[in-house]
Amino acid sequence: MRHVTVPQDRIGVLIGEGGETLREVEDRADVRLDVDSETGSVEIDSTGDPVAAMVAPDIVKAIGRGFTPEVALSLLDHDLRRFELIDLADHTRNDNDMERKKGRIIGENGRTRELMEELTGAEVVVYGSTVGIIGGAEEVSAVRRAVGMLLDGAPHGAVYSFLERKSNELDDDVSFSAPR
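None of the values given here were measured: they were computed from a predicted structure. Per chain, the residues get numbers from 1 upward, laid out in the order the sequence is written. This being a predicted model, a pLDDT of at least 70 is required before a residue's local features are given, and a value of 80 or more before pairs of side-chain atoms are given or counted; all residues contribute to the totals for chains, interfaces and linings. Neither water nor hydrogens contribute to the side-chain values; these are computed over all heavy atoms in the structure.

Visitor: Mind showing me how you'd approach the UniProt feature "domain: K Homology" (unreviewed entry) in the protein chain here?
Guide: According to UniProt, the feature "domain: K Homology" (unreviewed entry) maps to residues 1–65 and 77–152 in the numbering used here. Taken end to end, residues 1–65 is 46% helix and 25% strand, and its two terminal C-alpha atoms sit 21 Å from one another. Numbering of helices and strands runs from the N terminus; a helix is a DSSP stretch of H or I covering at least four residues, while a strand is a stretch of E covering at least two. Spanning residues 77–152, this segment combines 49% helix with 22% strand, and its end C-alpha atoms are found 34 Å apart. UniProt positions are given in the numbering used here, feature names are shortened, and annotations may be inferred rather than shown by experiment.

Dropping the structure here:
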């Protein structure tokens, strides 16, 4: 049995319309979820496949940190997909610094976050004081590095160049054509 806490404003997303999302998570991850909507506490009990049940806490956390249920459930689709959270509070001095650094990660009209997704293939969500990442190991690593660069004050152009380089490396890794 595992416990995960979900923010109040995300409980409705976890449960879904008429409990639809909750049932889908339970069915696909072979678990039973007991949600306390007062506190946001979610109790997770395995009911079947223990390997799928091991991913259930990450699915619940991902939904709680702003991912859509469909993206969170994609963690079950492939063994190598993973979920990672970066807590921005560990990298900021105060609330103003937090807002500034979140703004750097999101970018103007969300463009920096979108570029991270487009160039790596990972899903990226900035919610509260966290950055959530779902993707393959290489994708998550590239986004984590890009976020670290932004938090350390690197110019956006340098981060974009890094992401483009990583994108080319990731594309080369999946290319099965012979070199010309």
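After that view, the rundown keeps rolling.
Visitor: What exactly am I supposed to notice about the nonpolar core here?
Guide: Note on soluble globular proteins: their nonpolar side chains tend to be buried together. Among the nonpolar cores identified, the biggest contains 26 residues, and Leu 33, Ile 44, Ile 59 and Val 60 are the most heavily contacted of them. For this core, the secondary-structure elements that each account for two or more residues are helix 1 (11–15), helix 2 (20–29), strand 2 (31–36), strand 3 (41–46), helix 3 (50–64), helix 4 (69–73) and strand 5 (123–127). The criterion is simple. A nonpolar core is a set of buried Ala, Val, Leu, Ile, Met, Phe, Trp, Tyr and Cys residues joined through side-chain atoms within 4.5 Å. Exposure is judged per residue with a 1.4 Å probe applied to protein chains only, and the accessible area is read against the type maximum: over 50% gives exposed, under 20% gives buried, and values in between give partly exposed. The next biggest cluster of nonpolar side chains, apart from the first, holds 23 residues, and it includes Ile 86, Ile 105, Val 124 and Val 159.

Visitor: How should I be thinking about helix 5 (residues 95–106) in this particular structure?
Guide: The terminal C-alpha atoms of helix 5 lie 16 Å apart, and with 12 residues this matches the ideal 16 Å at 1.5 Å per residue to within 8%. Three or more residues of helix 5 are buried, namely Asp 97, Met 98, Lys 101, Lys 102, Arg 104 and Ile 105. Relative to the axis of helix 5, the buried residues are bounded by an arc of 155° and lie together on one face. Along helix 5, the residues that are exposed and aim more than 90 degrees away from the buried face are Asp 95 and Asn 96. Two or three places before Asn 96, at the opening of helix 5, Asn 94 has a side-chain oxygen 3.1 Å from that residue's backbone nitrogen. Just downstream of helix 5 lies Gly 107, where phi reads positive at about 80°. The span expected for a helix works out to 1.5 Å for each residue beyond the first. As used here, the arc belongs to the directions running from the helix axis to the C-beta atoms. Between N or O atoms, a polar contact is any pair within 3.5 Å; within protein, one atom must be a potential hydrogen donor and the other a potential acceptor, and residues adjacent in sequence are included only when both atoms are from side chains.

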